[in-house]
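What follows is each chain in one-letter form.
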Amino acid sequence: MDWKNYENLSMLSDFYEFTMMNGYLENNMENEYAYFDLYFRRIPDNGGFVIVAGLEEVVKYIQNLKFDEKDIEYFKSKNMFSEKFLDYLRNFKFECDVWAMPEGSVAFPNEPLMIVRGPAPQAQLIETFALLSINHQSLIATKTNRIVHAAEGRVVMEFGARRAQGVDATVLGARAAFIGGATATSNTLTDITYDVPAFGTMAHSWIMMFDSEYEAFKKYAETFPNSCSLLVDTYNVLKSGVPNAIKVFDEVLKPRGIKNMSIRIDSGDLAYLSKQARKMLDAAGYENCKIMASNSLDEYTISDLIEQGAKLDGFGVGERLITAKSDPVLGGVYKLCAVEKPNGEIIPKIKISENIEKITTPAFKTVYRIYDKNSGKAEADLITLHDEKIDESKELEIFHPVHTWKRKTLTNFTTKELLVRIFDKGELVYDLPKLDKIIERKNEQINEQWEEVKRFEHPHLFHVDLSQKLWDIKYNLLMQSK
(Lines give C-alpha, C1' and ligand atoms only; values in the text may rest on other atoms or scores of the structure.)
Protein backbone atom coordinates (compact mmCIF):
# COMPACT_ATOMS: atom_id res chain seq x y z
CA MET A 1 0.00 0.00 0.00
CA ASP A 2 1.43 3.36 -1.09
CA TRP A 3 1.27 6.01 1.64
CA LYS A 4 1.07 8.70 -1.05
CA ASN A 5 -2.41 7.45 -1.99
CA TYR A 6 -3.81 8.22 1.46
CA GLU A 7 -6.26 11.11 1.38
CA ASN A 8 -5.20 12.28 4.83
CA LEU A 9 -2.55 11.66 7.43
CA SER A 10 -4.67 10.19 10.23
CA MET A 11 -2.55 7.04 10.20
CA LEU A 12 0.65 9.04 10.60
CA SER A 13 0.99 8.14 14.24
CA ASP A 14 3.18 6.10 16.51
CA PHE A 15 1.61 2.69 16.90
CA TYR A 16 1.42 3.03 20.67
CA GLU A 17 -1.12 5.81 20.31
CA PHE A 18 -3.52 3.30 18.77
CA THR A 19 -2.79 0.62 21.35
CA MET A 20 -3.43 3.13 24.14
CA MET A 21 -6.64 4.26 22.44
CA ASN A 22 -7.77 0.65 22.32
CA GLY A 23 -6.85 0.26 25.99
CA TYR A 24 -8.79 3.36 27.02
CA LEU A 25 -11.87 2.06 25.24
CA GLU A 26 -11.60 -1.44 26.69
CA ASN A 27 -11.41 0.10 30.16
CA ASN A 28 -14.41 2.37 29.51
CA MET A 29 -12.24 5.49 29.63
CA GLU A 30 -13.33 6.99 26.32
CA ASN A 31 -15.05 9.85 28.15
CA GLU A 32 -12.22 10.45 30.64
CA TYR A 33 -10.72 13.85 29.88
CA ALA A 34 -6.96 14.28 29.65
CA TYR A 35 -4.77 17.39 29.46
CA PHE A 36 -1.52 17.33 27.50
CA ASP A 37 1.23 19.95 27.21
CA LEU A 38 3.48 20.22 24.16
CA TYR A 39 6.76 21.96 25.01
CA PHE A 40 10.52 21.78 24.51
CA ARG A 41 13.28 21.54 27.09
CA ARG A 42 16.29 23.12 25.40
CA ILE A 43 16.97 25.79 22.78
CA PRO A 44 19.03 24.55 19.81
CA ASP A 45 22.54 25.96 19.37
CA ASN A 46 22.35 27.36 22.92
CA GLY A 47 20.34 30.24 21.51
CA GLY A 48 18.24 32.77 23.36
CA PHE A 49 14.77 31.73 22.18
CA VAL A 50 12.75 29.63 19.74
CA ILE A 51 10.47 30.91 16.96
CA VAL A 52 7.23 28.92 17.00
CA ALA A 53 6.06 27.52 13.65
CA GLY A 54 4.11 24.53 12.34
CA LEU A 55 0.69 25.21 13.87
CA GLU A 56 -1.06 25.58 10.51
CA GLU A 57 -0.17 22.01 9.53
CA VAL A 58 -1.48 20.73 12.87
CA VAL A 59 -4.79 22.52 12.31
CA LYS A 60 -5.15 21.03 8.82
CA TYR A 61 -4.31 17.58 10.17
CA ILE A 62 -6.94 17.79 12.91
CA GLN A 63 -9.58 19.04 10.48
CA ASN A 64 -9.03 15.98 8.29
CA LEU A 65 -8.90 13.29 10.98
CA LYS A 66 -10.90 10.31 9.80
CA PHE A 67 -10.50 6.57 9.26
CA ASP A 68 -11.82 4.66 6.27
CA GLU A 69 -12.29 0.95 5.69
CA LYS A 70 -8.75 0.33 4.48
CA ASP A 71 -7.54 1.76 7.78
CA ILE A 72 -9.95 -0.48 9.69
CA GLU A 73 -8.75 -3.50 7.71
CA TYR A 74 -5.18 -2.69 8.65
CA PHE A 75 -6.02 -2.76 12.37
CA LYS A 76 -8.01 -5.97 11.93
CA SER A 77 -4.96 -7.59 10.33
CA LYS A 78 -2.99 -7.06 13.53
CA ASN A 79 -5.33 -9.39 15.47
CA MET A 80 -5.02 -7.28 18.61
CA PHE A 81 -7.63 -4.55 18.39
CA SER A 82 -11.20 -4.84 19.68
CA GLU A 83 -14.41 -4.32 17.75
CA LYS A 84 -15.22 -1.45 20.08
CA PHE A 85 -11.99 0.26 18.98
CA LEU A 86 -12.70 -0.37 15.30
CA ASP A 87 -16.20 1.09 15.63
CA TYR A 88 -14.76 4.08 17.46
CA LEU A 89 -12.46 4.78 14.50
CA ARG A 90 -15.29 4.36 11.98
CA ASN A 91 -17.26 7.06 13.76
CA PHE A 92 -14.31 9.15 14.84
CA LYS A 93 -14.94 12.83 15.54
CA PHE A 94 -12.39 15.15 17.09
CA GLU A 95 -13.95 16.94 20.07
CA CYS A 96 -10.95 18.34 21.96
CA ASP A 97 -10.13 21.86 23.04
CA VAL A 98 -6.76 23.15 21.86
CA TRP A 99 -4.83 26.24 22.91
CA ALA A 100 -1.52 27.23 21.32
CA MET A 101 1.03 29.98 20.89
CA PRO A 102 0.42 31.43 17.40
CA GLU A 103 3.09 30.93 14.76
CA GLY A 104 5.77 33.58 14.94
CA SER A 105 5.69 33.64 18.74
CA VAL A 106 8.94 33.80 20.69
CA ALA A 107 9.04 30.89 23.14
CA PHE A 108 11.30 29.52 25.85
CA PRO A 109 11.97 26.11 27.42
CA ASN A 110 9.36 24.30 29.51
CA GLU A 111 6.42 26.54 28.70
CA PRO A 112 3.49 25.04 26.78
CA LEU A 113 3.43 25.81 23.07
CA MET A 114 0.19 23.85 22.87
CA ILE A 115 -2.33 22.49 25.38
CA VAL A 116 -4.82 19.81 24.39
CA ARG A 117 -7.86 18.96 26.53
CA GLY A 118 -10.38 16.31 25.61
CA PRO A 119 -11.37 12.63 25.66
CA ALA A 120 -8.20 10.66 26.36
CA PRO A 121 -8.23 8.59 23.12
CA GLN A 122 -8.51 11.73 20.99
CA ALA A 123 -6.03 13.86 22.92
CA GLN A 124 -3.54 10.99 22.75
CA LEU A 125 -3.96 10.45 19.02
CA ILE A 126 -2.59 13.78 17.79
CA GLU A 127 0.68 13.53 19.73
CA THR A 128 2.96 12.41 16.93
CA PHE A 129 1.75 14.76 14.22
CA ALA A 130 1.65 17.79 16.52
CA LEU A 131 5.21 17.10 17.63
CA LEU A 132 6.66 16.41 14.22
CA SER A 133 5.11 19.53 12.71
CA ILE A 134 5.92 21.99 15.48
CA ASN A 135 9.32 20.46 16.24
CA HIS A 136 10.44 20.64 12.62
CA GLN A 137 9.15 24.02 11.57
CA SER A 138 10.07 25.72 14.85
CA LEU A 139 13.58 24.31 14.51
CA ILE A 140 14.04 25.65 10.97
CA ALA A 141 12.45 29.02 11.74
CA THR A 142 14.77 29.39 14.74
CA LYS A 143 17.86 28.38 12.77
CA THR A 144 16.98 30.82 10.02
CA ASN A 145 16.48 33.60 12.51
CA ARG A 146 19.97 33.01 13.86
CA ILE A 147 21.40 33.15 10.33
CA VAL A 148 19.46 36.33 9.54
CA HIS A 149 20.70 37.86 12.79
CA ALA A 150 24.29 36.99 11.85
CA ALA A 151 23.81 38.57 8.39
CA GLU A 152 23.24 41.99 10.02
CA GLY A 153 20.61 43.23 7.58
CA ARG A 154 21.92 41.52 4.46
CA VAL A 155 19.61 39.37 2.37
CA VAL A 156 19.31 35.68 3.30
CA MET A 157 17.74 33.24 0.84
CA GLU A 158 16.90 29.60 1.56
CA PHE A 159 18.69 27.37 -0.98
CA GLY A 160 18.38 23.94 0.63
CA ALA A 161 15.83 21.99 -1.44
CA ARG A 162 18.26 19.37 -2.76
CA ARG A 163 19.74 18.65 0.68
CA ALA A 164 16.57 18.43 2.77
CA GLN A 165 15.39 15.10 4.16
CA GLY A 166 12.44 14.55 1.85
CA VAL A 167 9.61 16.44 0.20
CA ASP A 168 7.87 17.74 3.33
CA ALA A 169 11.18 18.77 4.86
CA THR A 170 12.03 20.97 1.90
CA VAL A 171 8.59 22.48 1.26
CA LEU A 172 7.62 23.09 4.88
CA GLY A 173 11.21 23.86 5.81
CA ALA A 174 11.26 26.67 3.27
CA ARG A 175 7.97 27.96 4.71
CA ALA A 176 9.51 27.93 8.19
CA ALA A 177 12.64 29.64 6.89
CA PHE A 178 10.49 32.45 5.52
CA ILE A 179 8.87 32.85 8.94
CA GLY A 180 12.37 32.92 10.44
CA GLY A 181 13.45 35.79 8.20
CA ALA A 182 14.60 34.43 4.85
CA THR A 183 13.47 36.67 1.98
CA ALA A 184 13.11 33.96 -0.67
CA THR A 185 13.50 30.26 -1.40
CA SER A 186 14.91 28.21 -4.25
CA ASN A 187 11.90 25.88 -3.93
CA THR A 188 9.27 26.50 -6.59
CA LEU A 189 6.65 24.29 -4.91
CA THR A 190 6.87 26.35 -1.72
CA ASP A 191 6.15 29.47 -3.77
CA ILE A 192 3.12 27.80 -5.36
CA THR A 193 1.83 26.40 -2.07
CA TYR A 194 2.63 29.14 0.42
CA ASP A 195 3.42 32.20 -1.71
CA VAL A 196 7.02 32.33 -0.50
CA PRO A 197 8.97 34.09 -3.28
CA ALA A 198 11.05 31.66 -5.34
CA PHE A 199 14.39 32.83 -6.69
CA GLY A 200 17.11 31.27 -8.82
CA THR A 201 19.29 32.03 -11.79
CA MET A 202 21.85 29.53 -13.05
CA ALA A 203 24.11 26.65 -12.11
CA HIS A 204 27.62 25.91 -13.29
CA SER A 205 26.12 23.57 -15.90
CA TRP A 206 24.58 26.54 -17.75
CA ILE A 207 28.00 28.12 -18.19
CA MET A 208 29.64 24.82 -19.18
CA MET A 209 27.00 24.23 -21.89
CA PHE A 210 28.41 27.12 -23.92
CA ASP A 211 31.71 27.47 -25.71
CA SER A 212 32.82 30.21 -23.35
CA GLU A 213 31.91 31.80 -20.05
CA TYR A 214 31.39 35.11 -21.81
CA GLU A 215 28.86 33.61 -24.24
CA ALA A 216 26.98 31.92 -21.36
CA PHE A 217 26.77 35.21 -19.46
CA LYS A 218 25.67 37.16 -22.54
CA LYS A 219 22.91 34.71 -23.50
CA TYR A 220 21.60 34.73 -19.95
CA ALA A 221 21.62 38.53 -19.74
CA GLU A 222 19.79 38.76 -23.05
CA THR A 223 17.19 36.25 -21.85
CA PHE A 224 16.69 37.73 -18.36
CA PRO A 225 17.85 41.36 -18.56
CA ASN A 226 15.75 42.54 -15.64
CA SER A 227 16.89 39.84 -13.20
CA CYS A 228 20.43 39.17 -14.28
CA SER A 229 22.59 37.40 -11.70
CA LEU A 230 25.77 35.76 -12.98
CA LEU A 231 27.64 32.90 -11.30
CA VAL A 232 31.29 33.90 -11.59
CA ASP A 233 33.27 31.02 -10.06
CA THR A 234 32.97 28.25 -12.68
CA TYR A 235 36.52 28.82 -13.88
CA ASN A 236 38.30 31.73 -12.19
CA VAL A 237 36.45 34.41 -10.25
CA LEU A 238 38.87 37.30 -10.66
CA LYS A 239 40.60 36.45 -13.96
CA SER A 240 37.53 35.54 -16.01
CA GLY A 241 34.28 35.48 -14.02
CA VAL A 242 34.07 39.10 -12.88
CA PRO A 243 35.69 40.56 -16.06
CA ASN A 244 33.24 38.64 -18.26
CA ALA A 245 30.33 39.77 -16.09
CA ILE A 246 31.42 43.40 -16.42
CA LYS A 247 31.77 43.00 -20.19
CA VAL A 248 28.23 41.62 -20.46
CA PHE A 249 26.85 44.35 -18.21
CA ASP A 250 28.49 46.90 -20.54
CA GLU A 251 27.16 45.31 -23.72
CA VAL A 252 23.68 44.11 -22.71
CA LEU A 253 22.40 45.88 -19.61
CA LYS A 254 24.02 49.33 -19.60
CA PRO A 255 22.66 50.33 -23.05
CA ARG A 256 19.14 49.55 -21.77
CA GLY A 257 19.62 51.59 -18.62
CA ILE A 258 19.31 48.53 -16.40
CA LYS A 259 21.08 48.86 -13.06
CA ASN A 260 19.61 45.85 -11.28
CA MET A 261 22.24 43.14 -11.57
CA SER A 262 24.32 40.89 -9.33
CA ILE A 263 27.05 38.29 -9.29
CA ARG A 264 27.25 35.18 -7.14
CA ILE A 265 30.35 33.47 -5.76
CA ASP A 266 29.90 29.82 -4.80
CA SER A 267 33.42 28.70 -3.88
CA GLY A 268 36.84 29.82 -2.77
CA ASP A 269 37.82 32.40 -0.18
CA LEU A 270 34.57 34.35 -0.11
CA ALA A 271 35.93 37.21 1.96
CA TYR A 272 38.96 37.84 -0.27
CA LEU A 273 37.15 37.25 -3.55
CA SER A 274 34.24 39.51 -2.64
CA LYS A 275 36.55 42.36 -1.67
CA GLN A 276 38.47 42.10 -4.92
CA ALA A 277 35.30 41.73 -6.96
CA ARG A 278 33.86 44.82 -5.30
CA LYS A 279 36.88 46.88 -6.34
CA MET A 280 36.60 45.65 -9.93
CA LEU A 281 32.86 46.32 -10.16
CA ASP A 282 33.17 49.77 -8.61
CA ALA A 283 36.01 50.69 -10.96
CA ALA A 284 33.81 49.70 -13.90
CA GLY A 285 30.99 51.91 -12.68
CA TYR A 286 28.81 49.16 -11.21
CA GLU A 287 28.64 50.29 -7.61
CA ASN A 288 25.00 49.11 -7.49
CA CYS A 289 25.85 45.55 -8.54
CA LYS A 290 25.17 43.20 -5.65
CA ILE A 291 27.58 40.46 -4.64
CA MET A 292 25.94 37.30 -3.36
CA ALA A 293 27.58 34.28 -1.76
CA SER A 294 26.63 30.64 -1.32
CA ASN A 295 28.57 27.45 -0.47
CA SER A 296 27.87 25.67 2.88
CA LEU A 297 27.06 28.81 4.85
CA ASP A 298 25.52 29.14 8.31
CA GLU A 299 25.39 31.80 11.03
CA TYR A 300 28.96 31.06 12.12
CA THR A 301 30.57 31.34 8.67
CA ILE A 302 28.48 34.41 7.83
CA SER A 303 29.50 36.09 11.08
CA ASP A 304 33.15 35.32 10.33
CA LEU A 305 32.86 36.68 6.77
CA ILE A 306 31.37 39.94 7.99
CA GLU A 307 34.07 40.25 10.65
CA GLN A 308 36.68 39.78 7.92
CA GLY A 309 35.20 42.67 5.96
CA ALA A 310 33.68 40.64 3.14
CA LYS A 311 31.86 42.80 0.61
CA LEU A 312 28.74 40.69 0.41
CA ASP A 313 25.18 41.92 0.03
CA GLY A 314 23.40 38.63 0.60
CA PHE A 315 23.65 34.92 1.16
CA GLY A 316 22.10 31.80 -0.30
CA VAL A 317 22.07 29.31 2.56
CA GLY A 318 21.38 25.66 1.87
CA GLU A 319 22.01 22.43 3.74
CA ARG A 320 23.04 23.95 7.05
CA LEU A 321 19.78 25.88 7.22
CA ILE A 322 17.26 23.38 5.87
CA THR A 323 18.64 20.60 8.10
CA ALA A 324 19.63 22.83 11.04
CA LYS A 325 22.87 20.90 10.73
CA SER A 326 24.67 22.18 13.82
CA ASP A 327 21.83 21.15 16.19
CA PRO A 328 19.16 19.32 14.18
CA VAL A 329 16.55 18.43 16.82
CA LEU A 330 14.27 20.72 18.79
CA GLY A 331 13.22 17.87 21.06
CA GLY A 332 9.69 18.93 21.87
CA VAL A 333 7.64 16.53 24.02
CA TYR A 334 3.93 15.87 24.64
CA LYS A 335 3.18 15.08 28.25
CA LEU A 336 0.07 14.34 30.28
CA CYS A 337 -0.34 17.03 32.94
CA ALA A 338 -3.87 16.44 34.33
CA VAL A 339 -7.02 14.36 34.09
CA GLU A 340 -10.57 15.53 34.57
CA LYS A 341 -13.22 13.50 36.32
CA PRO A 342 -16.88 13.45 35.19
CA ASN A 343 -17.76 15.85 38.02
CA GLY A 344 -15.36 18.43 36.56
CA GLU A 345 -12.59 17.95 39.14
CA ILE A 346 -9.16 18.45 37.54
CA ILE A 347 -6.47 16.23 39.06
CA PRO A 348 -2.86 17.29 38.36
CA LYS A 349 -0.45 14.60 37.15
CA ILE A 350 3.34 14.61 37.22
CA LYS A 351 6.09 12.54 35.64
CA ILE A 352 9.09 12.18 37.93
CA SER A 353 12.64 11.46 36.83
CA GLU A 354 16.12 11.44 38.32
CA ASN A 355 16.91 13.78 35.45
CA ILE A 356 15.56 17.08 36.77
CA GLU A 357 14.81 18.53 33.35
CA LYS A 358 12.50 15.60 32.62
CA ILE A 359 10.25 16.23 35.61
CA THR A 360 7.03 17.61 34.20
CA THR A 361 4.96 20.53 35.47
CA PRO A 362 1.48 19.32 36.45
CA ALA A 363 -1.99 20.87 36.11
CA PHE A 364 -4.05 22.74 33.52
CA LYS A 365 -2.02 25.88 32.83
CA THR A 366 -1.61 29.04 30.84
CA VAL A 367 1.36 31.33 30.16
CA TYR A 368 1.73 35.07 30.67
CA ARG A 369 4.47 37.33 29.37
CA ILE A 370 5.34 40.17 31.71
CA TYR A 371 6.47 43.49 30.25
CA ASP A 372 8.15 46.49 31.83
CA LYS A 373 5.87 49.46 31.23
CA ASN A 374 8.71 51.93 30.85
CA SER A 375 10.77 50.08 28.25
CA GLY A 376 8.11 47.83 26.73
CA LYS A 377 10.58 44.96 27.00
CA ALA A 378 9.71 41.45 28.15
CA GLU A 379 10.87 40.79 31.70
CA ALA A 380 9.82 37.17 32.20
CA ASP A 381 7.24 34.51 31.35
CA LEU A 382 5.05 33.19 34.15
CA ILE A 383 3.32 29.81 33.91
CA THR A 384 0.20 29.79 36.05
CA LEU A 385 -2.89 27.70 36.69
CA HIS A 386 -5.36 28.16 33.85
CA ASP A 387 -7.75 30.30 35.90
CA GLU A 388 -5.18 32.47 37.67
CA LYS A 389 -5.28 36.19 37.00
CA ILE A 390 -2.38 38.57 37.56
CA ASP A 391 -3.20 41.81 39.33
CA GLU A 392 -1.13 44.41 37.50
CA SER A 393 -1.84 47.01 40.19
CA LYS A 394 0.19 45.06 42.78
CA GLU A 395 3.80 44.01 43.09
CA LEU A 396 4.56 40.57 41.66
CA GLU A 397 7.30 38.35 43.07
CA ILE A 398 8.66 35.77 40.67
CA PHE A 399 11.19 33.07 41.48
CA HIS A 400 13.25 30.40 39.76
CA PRO A 401 11.23 27.15 39.70
CA VAL A 402 14.26 25.05 40.77
CA HIS A 403 16.52 27.51 42.61
CA THR A 404 13.66 29.09 44.50
CA TRP A 405 15.86 31.48 46.50
CA LYS A 406 16.46 33.40 43.26
CA ARG A 407 13.63 35.91 43.44
CA LYS A 408 12.71 39.21 41.86
CA THR A 409 9.92 41.67 42.60
CA LEU A 410 8.29 43.33 39.58
CA THR A 411 6.48 46.66 39.68
CA ASN A 412 5.04 48.90 36.98
CA PHE A 413 4.42 46.02 34.62
CA THR A 414 1.79 44.78 32.20
CA THR A 415 1.00 41.21 31.09
CA LYS A 416 -0.16 39.37 27.99
CA GLU A 417 -1.52 35.83 27.82
CA LEU A 418 0.42 33.88 25.20
CA LEU A 419 -1.89 30.95 24.45
CA VAL A 420 -4.92 31.43 22.22
CA ARG A 421 -7.81 29.05 21.69
CA ILE A 422 -7.55 27.13 18.42
CA PHE A 423 -10.28 24.46 18.73
CA ASP A 424 -13.39 24.57 20.92
CA LYS A 425 -14.79 21.04 21.37
CA GLY A 426 -13.34 20.11 18.01
CA GLU A 427 -14.54 23.18 16.13
CA LEU A 428 -11.91 25.51 14.69
CA VAL A 429 -12.36 28.96 16.26
CA TYR A 430 -9.06 30.48 15.13
CA ASP A 431 -8.39 32.27 11.85
CA LEU A 432 -5.12 30.99 10.44
CA PRO A 433 -3.03 34.08 9.66
CA LYS A 434 -1.23 34.71 6.40
CA LEU A 435 2.54 34.49 6.40
CA ASP A 436 2.96 38.26 6.46
CA LYS A 437 1.00 38.45 9.73
CA ILE A 438 3.05 35.60 11.20
CA ILE A 439 6.25 37.41 10.30
CA GLU A 440 4.86 40.63 11.75
CA ARG A 441 4.19 38.83 15.06
CA LYS A 442 7.69 37.36 15.04
CA ASN A 443 9.30 40.75 14.46
CA GLU A 444 7.21 42.35 17.20
CA GLN A 445 8.05 39.66 19.74
CA ILE A 446 11.76 39.70 18.91
CA ASN A 447 11.78 43.48 19.28
CA GLU A 448 10.21 43.04 22.73
CA GLN A 449 13.28 41.12 23.89
CA TRP A 450 16.31 42.78 25.46
CA GLU A 451 19.44 42.78 23.28
CA GLU A 452 21.10 40.47 25.80
CA VAL A 453 18.50 37.76 25.06
CA LYS A 454 19.04 38.20 21.31
CA ARG A 455 22.81 37.95 21.67
CA PHE A 456 24.36 35.56 19.14
CA GLU A 457 26.77 33.94 21.61
CA HIS A 458 25.96 33.21 25.26
CA PRO A 459 22.60 34.98 25.36
CA HIS A 460 21.02 36.04 28.63
CA LEU A 461 18.82 33.34 30.14
CA PHE A 462 15.23 34.56 29.95
CA HIS A 463 13.18 33.85 33.08
CA VAL A 464 10.39 31.28 32.81
CA ASP A 465 8.92 30.92 36.28
CA LEU A 466 5.97 29.20 37.95
CA SER A 467 3.29 30.97 39.95
CA GLN A 468 3.29 30.21 43.67
CA LYS A 469 0.07 28.18 43.36
CA LEU A 470 1.45 26.08 40.52
CA TRP A 471 4.80 25.58 42.24
CA ASP A 472 2.99 24.42 45.41
CA ILE A 473 1.09 21.78 43.42
CA LYS A 474 4.29 20.53 41.79
CA TYR A 475 6.20 20.48 45.09
CA ASN A 476 3.42 18.61 46.91
CA LEU A 477 3.24 15.95 44.20
CA LEU A 478 7.00 15.52 44.36
CA MET A 479 6.85 15.12 48.12
CA GLN A 480 4.03 12.57 47.86
CA SER A 481 6.17 10.41 45.59
CA LYS A 482 8.87 9.89 48.23
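For clarity, every value in this text was computed on a predicted model and none was experimentally measured.

Turning next to the overall build of the chain. Counting its regular elements, the chain contains 17 helices and 21 strands. Accessible surface computed for the chain: about 22,700 Å², of which carbon and sulfur atoms make up 50%. Put simply, the chain has 59 plus and 71 minus side-chain charges, and the middle of one group is 3 Å from the middle of the other.

Met 114, Phe 249 and Ile 263 are the most contacted members of the largest nonpolar core, which totals 136 residues. Here the element with the most residues in this core is helix α6 (residues 127-151); it accounts for 10 residues. Looking at which domains feed residues into this core, each of domain 1 (13-141 + 331-481) and domain 2 (183-320) supplies at least three. If near-sequence neighbours (up to four positions away) are discounted, Phe 249 is found in contact with Cys 228, Leu 230, Lys 254, Pro 255, Met 261, Ser 262, Ile 263, Leu 281, Tyr 286 and Cys 289. With 9 residues, the next largest nonpolar core counts Tyr 368, Ile 370, Leu 382 and Ile 390 among its residues.

What follows concerns the pattern of salt bridges. Close approach of charged atoms allows side chains with opposite charge to pair. Applying the stated criterion to the full structure yields 35 salt bridges. In this structure, Glu 319 and Arg 163 form a salt bridge, with 2.2 Å as the shortest nitrogen-oxygen distance. One end of the pair, Glu 319, is in helix α14 (residues 319-322); the other, Arg 163, is in the loop between β6 (155-158) and α7 (167-180), with 156 residues separating them in the sequence. A network of salt bridges, in which partner residues are shared, links Asp 97, Arg 117, Glu 340, Arg 421, Asp 424 and Lys 425.

Turning our attention to the UniProt feature "domain: Nicotinate phosphoribosyltransferase N-terminal" (unreviewed entry) in the chain. Mapped onto this numbering, the UniProt entry gives "domain: Nicotinate phosphoribosyltransferase N-terminal" (unreviewed entry) at residues 11-135. Strand forms 17% of residues 11-135 and helix 42%; the C-alpha atoms that close the span are 19 Å apart.

Before going further, it helps to spend a moment on a nonpolar patch on the surface. Taken together, Leu 9, Leu 12 and Leu 132 make up a surface patch of nonpolar side chains, about 220 Å² in accessible area. For Leu 132, the location among the structural elements is in helix α6. By relative accessible area, which is 38% here, Leu 132 ends up partly exposed.

It is worth spelling out the sheet that holds strand β7 (residues 184-185) at this point. As summarised here, the arrangement of the 6 strands in space is β7-β6-β11-β10-β9-β8, forming an open sheet in which the pairing is parallel. Both outer strands of the open sheet, β7 and β8 (228-231), are each paired with one neighbouring strand and no more. Strand direction decides the pairing type here: β6 and β7, joined by 2 bridges, are parallel. The residue bridging Glu 158 from the neighbouring strand is Thr 185, located in β7. Helix-sheet contacts for helix α11 (residues 237-253) involve β8 and β9 (261-265), and the interaxial angle to β9 is about 165 degrees.

Here the domain parsing of the chain yields domain 1 (13-141 + 331-481) and domain 2 (183-320). Relative placement of domain 1 and domain 2: their C-alpha centres are 44 Å apart. Taken together, the 7 residues of domain 1 in the interface contact 5 residues of domain 2. Taken together, the two surfaces of domain 1 and domain 2 that pack against each other cover about 450 Å², and 57% of this comes from carbon and sulfur. The three residues of domain 1 that bury the most area against domain 2 are Asp 45, Leu 435 and Phe 456, which together make up 72% of that side's buried surface.

The next point concerns the environment of Ala 338. Tracing the backbone shows Ala 338 in strand β12 (residues 333-340). Residues Ala 338 and Val 252 lie 86 residues apart in sequence; the distance between their C-alpha atoms is 69 Å. Contacts of Ala 338, omitting those with residues within four sequence positions, involve Tyr 33, Ala 34, Tyr 35, Ile 346, Ile 347, Pro 348, Lys 349, Ala 363 and Phe 364.

Another point: the packing of helix α10 (residues 213-223) against α11. At a closest axis distance of 9 Å, the pairing of α10 and α11 adopts a crossing angle of 40 degrees. By the angle class used here, α10 and α11 are oblique. The crossing of α10 and α11 is right-handed. Counted together, Glu 213, Tyr 214, Phe 217, Lys 218, Ala 221 and Glu 222 of α10 and Ser 240, Gly 241, Asn 244, Ala 245, Lys 247, Val 248, Glu 251, Val 252 and Leu 253 of α11 form the full contact between these two elements. Residues of the contact of α10 with α11, tallied by class, amount to 7 nonpolar, 3 polar and 5 charged.

So, on to the sheet that holds strand β3 (residues 97-100). As summarised here, the arrangement of the 7 strands in space is β13-β12-β1-β5-β3-β19-β20, forming an open sheet in which the pairing is antiparallel. The sheet is open, and its two edges are formed by β13 (346-348) and β20 (427-428), each paired on a single side. Of the pairings in the sheet, the one linking β12 to β13 comprises 3 bridges and is antiparallel in character. When the bridges of β13 are listed, Ala 338 appears paired with Pro 348. In the packing of helix α2 (residues 55-63) onto the sheet, the strands contacted are β3, β5 (114-119), β19 (420-424) and β20, and the crossing angle to β19 comes to about 15 degrees.

A separate point is the side chain of Asn 244. Among the secondary structure elements, Asn 244 is positioned in helix α11. Contact partners of Asn 244, with chain neighbours within four places excluded, come to Glu 213, Tyr 214 and Phe 217.

Further remarks concern the UniProt feature "domain: Nicotinate/nicotinamide phosphoribosyltransferase" (unreviewed entry) in the chain. Under the UniProt annotation, the feature "domain: Nicotinate/nicotinamide phosphoribosyltransferase" (unreviewed entry) is placed at residues 156-327. Span residues 156-327 is 47% helix and 13% strand, its end C-alpha atoms 20 Å apart.

Procedures and definitions
Counting starts from 1 at the beginning of each chain's written sequence and moves along it residue by residue. In keeping with the model being predicted, local features are shown solely for residues with a pLDDT of at least 70 and side-chain atom pairs are shown and tallied solely at 80 or more, while totals for entire chains, interfaces and linings include all residues. To obtain the side-chain values, all non-hydrogen atoms of the structure were used and water was disregarded. Numbered from the N terminus, helices here are DSSP runs of H or I no shorter than four residues, and strands are runs of E no shorter than two. Note that accessible areas follow from Shrake-Rupley with a 1.4 Å probe, and for residues the cover is restricted to the protein chains shown. Residues scored as charged are limited to Lys and Arg (positive) and Asp and Glu (negative), so that His and the chain ends carry no count. Note on charges: their place is set at NZ of Lys, CZ of Arg, CG of Asp or CD of Glu. Here, the term nonpolar core denotes a set of buried Ala, Val, Leu, Ile, Met, Phe, Trp, Tyr and Cys residues that are joined through side-chain atoms within 4.5 Å. The classification of residues rests on relative accessible area computed with a 1.4 Å probe and restricted to protein chains. Under 20% of the type maximum is buried, over 50% is exposed, and intermediate values are partly exposed. The split of the chain into domains comes from an automatic or database domain assignment. Here a residue-residue contact requires only that any non-hydrogen atoms of the pair lie within 4.5 Å. For this analysis, a salt bridge means a side-chain nitrogen from Lys or Arg found within 4 Å of a carboxyl oxygen belonging to Asp or Glu. UniProt positions are given in the numbering used here, feature names are shortened, and annotations may be inferred rather than shown by experiment. Residues qualify for a patch when their relative accessible area is over 30% and they have no salt bridge, like charges being joined within 9 Å and the nonpolar side chains of Val, Leu, Ile, Met, Phe, Trp and Tyr within 5 Å. For two strands to pair, DSSP has to find at least two bridges joining them. Axes here refer to lines fitted to C-alpha atoms; in helices the fit is confined to the stretch in contact. Angles between the N-to-C directions go from 0 to 180 degrees. What gets called buried area is simply the loss in accessible area from a 1.4 Å probe that two parts show on being joined, summed for both. Should an angle fall under 35 degrees it is called roughly parallel, over 145 degrees roughly antiparallel, and 65 to 115 degrees roughly perpendicular, with every other angle called oblique. Handedness of each helix crossing follows the sense of rotation of the near helix against the far helix: counterclockwise by less than a right angle gives left-handed, clockwise gives right-handed. All amino acids are sorted into three groups, where Ala, Val, Leu, Ile, Met, Phe, Trp, Tyr, Cys and Pro are nonpolar, Asp, Glu, Lys and Arg are charged, and the leftover types, Gly among them, are polar.

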